[in-house]
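Residue-level listing of the chains:
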Amino acid sequence: MKRREFMRNSVCAAAALQAPALMAGAAGGQSGQSEEGHNGHNGHNGHNGHDGPNRPNVLFIMTDQQFAEALSCRMGKQYLNTPAMDNLAESGVFFTRAYTPNPLCMPARQSLFTGRYPHETGVTKNARVDIDAKDFVSMGTYFRQAGYETVYAGKWHLSYDVEDATAHGFDLLHGKGPKQDVDRTCAGRIAQFLSQKHDKPFLAVASFVNPHNICQFSRDQTVPSGPLGPTPPPDQCPPPPQNLEVPEKESDSINLLRKGYHASPLFPVEDFTADKWRQLRWGYYRLIERVDGEIGKVLEALRGAGLEEKTVIVFTSDHGDCAGAHRFNQKTVFYEESVRVPLIVSWKGQTKKGARNNLVNTGVDVLPTMLDFAGIAIPSKLTGRSLKPLALGQPAPQWRDHLVVENNMSQTGVVDGFRPQAEGRMVRSECHKYCVYQYGVQRESLVDLEKDPLETKNVATDPQYRQVLLDHRKLLAEFATEHNDRVGGEMLANGVGPAPFPKHENEDGHSKKRKKTGP
Ligand SMILES: [Ca+2]
């Protein structure tokens, strides 16, 4: 009821303009349906009631720290060329408004592999927690129990004990022991697996590290996957981001947290000039091209094995990278470059090239999507939605009109004698982005994404946006109640008034955990 009111009120000009496009998508879906019929599939059940032999394989390809637009099929080839990812997009559906559940490695991955929000798994930062594999059932376990062969290669960074297959349900193609440069071997191992004879359908995960090596590049450290060669002079590099500057009226929570990040040796970008950002972006794009080459090997192996038409491919990244947006590098913050990720669902002969703008939370939606394609019942504790109808061009009535992203900004250094750290919540609705943080004086931000897609101005205190602000607070409160998100609910207490940052100098300092938690 209240949510419906919100839906009516929140239909912004651009969304109205997009409606015909969505209608066209639905009409296209009807021809898609007939095509499916031709292929022996129907609209409401991916494997049409057939058992084992007709269930598709699922290939899950993941990069690390790739922003949603950082593919040449999205941004053109002037600065970046990603033929493998473009090829995937060519036969699949690109979700243009897909958001990570939490823009940091471990929280995002633990959600992707369990279909649960970070506040539910308890993995909210890059530190392992004890996770109950019976409550938080892994993607591998779901598929294994349904009779799939389940294999995993590449970067792990999940809270499950990697040695305990009963917890995560995967056979590890990379074996045991420390991994140096996993991207050097990941594609080869997946390719070898694909070339084998398969008696059962399979779920194969190819988890790549790059372009994550941009972290080392930004610190002038050795790039783990190998040197990129000499960095060109700035005028031969991509331009700096258009939103390089700090937003107008930015919440002072984020303002202080930025200082905290810049005070850490992990994020030495405080003094970066526009030219330096240009060079960083050059390196970022080279690393994306590097991982694109590896993905190309996987896709070639799939083709070579004759499995393209039997395999659903899901491609995404755990989170994005600011690469200079608002003077941040890396991730964790709620700016678009950090939270929005590429997401492609491709099944040759079934999906058709296209883009969908439905709001997607990868952390809760990707697993139900895969289960749906495999004809595995989606357990009720998974609250996300299957993207399968959208990927097949079918209408998906009453799609969500907002989603919630969480973060926990804890990798900061010391500012004025203490280490500012805070959790945050973000509500992304059709037209706006609302963010609120645990601590600060002015703890909220609101951006009109239709008028201001580069997020240059916080209008949270603008009287004209007062009702929009209140609507978004209400959406977050409802989410907190519905999903038992205590911390999210507490952020809204006391009219979202000032709440001073706790002044612990070293509590939970990242430097102590660094060795343990990895990249
Ligand atoms: Ca990551």
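Residues numbered from 1 in each chain as written. Predicted model: local features only at pLDDT ≥ 70, side-chain atom pairs only at ≥ 80, totals over all residues.

Draft legend 1. Structural context of the overall build of the chain. Of the regular secondary structure elements, the chain holds 18 helices and 14 strands. Residue burial in the chain is summarised as follows: out of 519 residues, 51% are buried. Partitioning the contacts of the chain with sequence separation of at least 6, the portion at a separation of at least 24 is 71%. (Helix = DSSP H or I, 4+ residues; strand = E, 2+ residues; numbered from the N terminus. Buried ≥ 20, exposed ≤ 12 C-beta atoms within 10 Å, placed from the backbone. Contact = placed C-beta atoms within 7 Å.)

Draft legend 2. Expanded view of helix α14 (residues 362–373). In this model, α14 (12 residues) spans 16 Å end to end at C-alpha, consistent with the 16 Å of a helix rising 1.5 Å per residue. Most of α14 sits inside the fold, with 12 of its 12 residues counted as buried. Within the span of α14, buried status applies to Thr-362, Gly-363, Val-364, Asp-365, Val-366, Leu-367, Pro-368, Thr-369, Met-370, Leu-371, Asp-372 and Phe-373. Of the residues one or two after α14, Gly-375 is the one with positive phi, at around 70°. (Expected span 1.5 Å × (residues − 1).)

Draft legend 3. Region of the structure containing the sheet that holds strand β14 (residues 444–448). The strand order β11-β12-β13-β14 describes an open sheet built from 4 strands, whose pairing is antiparallel. Each edge of the open sheet carries a strand with a single partner, namely β11 (402–409) and β14. Ignoring which end each strand starts from, the neighbouring axes of this sheet average 15° apart. Both β11 and strand β12 (residues 422–429) contribute to a ladder of 8 bridges, which runs antiparallel. Within the sheet, the bridge partner assigned to His-402 lies in β12 and is Ser-429. (Pairing = 2+ DSSP bridges. Axes fitted to C-alpha atoms, helices over the stretch in contact; angles between N-to-C directions.)

Draft legend 4. Inspection of the confidence of the model for the chain at higher detail. Of all residues in the chain, 86% attain a pLDDT of 70 or more, and the chain-wide mean is 89. With pLDDT under 50 throughout, residues 13–53 is counted as low confidence; its partners more than four residues away or in other chains account for 46 contacts. (pLDDT = per-residue confidence, 0-100.)

Draft legend 5. The arrangement of the environment of Pro-224 in detail. With respect to the helices and strands, Pro-224 occurs in the loop between α10 (214–218) and α11 (252–262). Given 18 C-beta atoms within 10 Å, Pro-224 falls into the partly exposed group. In contact with Pro-224, other than residues within four places in its own chain, are Asp-181, Asn-213 and Gln-216.

Draft legend 6. Expanded view of the pairing of strand β8 (residues 343–346). Alternating residues of β8 divide into Leu-343 and Val-345 and Ile-344 and Ser-346, and every residue in both groups is buried. With 3 bridges joining them, strand β2 (residues 92–95) and β8 adopt antiparallel strand pairing. Considered in β8, the bridge of Gly-92 is made with Ser-346. Of the pairings in the sheet, the one linking strand β7 (residues 311–317) to β8 comprises 4 bridges and is antiparallel in character. When the sheet's bridge partners are listed, Ile-313 is paired in β8 with Ser-346.

Draft legend 7. Region of interest: the pairing of strand β4 (residues 149–154). Of all 6 residues that make up β4, 5 are buried, and the element is covered over most of its length. Alignment of β4 against strand β6 (residues 202–207), held across 6 bridges, turns out to be parallel. When the sheet's bridge partners are listed, Glu-149 is paired in β6 with Phe-202. Pairing of β4 with strand β5 (residues 171–172) involves 2 bridges; the strand directions are parallel. Among the inter-strand pairings, Val-151 is bridged to a residue of β5, identified as Asp-171.

Draft legend 8. Inspection of the sheet that holds β8 at higher detail. Strand order in this open sheet of 8 strands is β5-β4-β6-β1-β7-β8-β2-β9, and the pairing throughout is mixed. Each having just a single partner strand, β5 and β9 (354–356) make up the two edges of the open sheet. Against the sheet, helix α12 (residues 274–304) engages β1 (57–63), β6 and β7, with an angle of about 170° to β1.

Draft legend 9. Structural view of the packing of helix α9 (residues 183–195) against α12. α12 packs onto α9 with a crossing angle of 5° between their chain directions and a minimal axis gap of 8 Å. Relative to α12, the element α9 lies roughly parallel. Here Asp-183, Cys-186, Ala-187, Ile-190, Ala-191, Leu-194 and Ser-195 of α9 come into contact with α12, specifically with Val-291, Glu-294, Lys-297, Val-298, Ala-301, Leu-302 and Gly-304. Among the residues forming the contact of α9 with α12, the class breakdown is 9 nonpolar, 2 polar and 3 charged. (Parallel < 35°, antiparallel > 145°, perpendicular 65-115°, else oblique. Nonpolar A, V, L, I, M, F, W, Y, C, P; charged D, E, K, R; others polar.)

Draft legend 10. Expanded view of the nonpolar core. Grouped together as the largest cluster of nonpolar side chains are 128 residues, with contacts concentrated most on Ile-190 and Ala-206. The element best represented in this core is α12, accounting for 12 residues. Among residues more than four places away in sequence, those in contact with Ala-206 are Ile-61, Ala-153, Gly-154, Cys-186, Ala-187, Ile-190 and Val-298. (Core = buried A, V, L, I, M, F, W, Y, C linked by C-beta atoms within 7 Å.)

Draft legend 11. Focus on α9. With 13 residues, α9 should cover 18 Å at 1.5 Å per step; its first-to-last C-alpha distance of 19 Å lies within 8% of that length. Buried residues of α9: Asp-183, Cys-186, Ala-187, Arg-189, Ile-190, Ala-191, Phe-193 and Leu-194, and no others. Lining the buried residues of α9 we find β4, β6 and α12.

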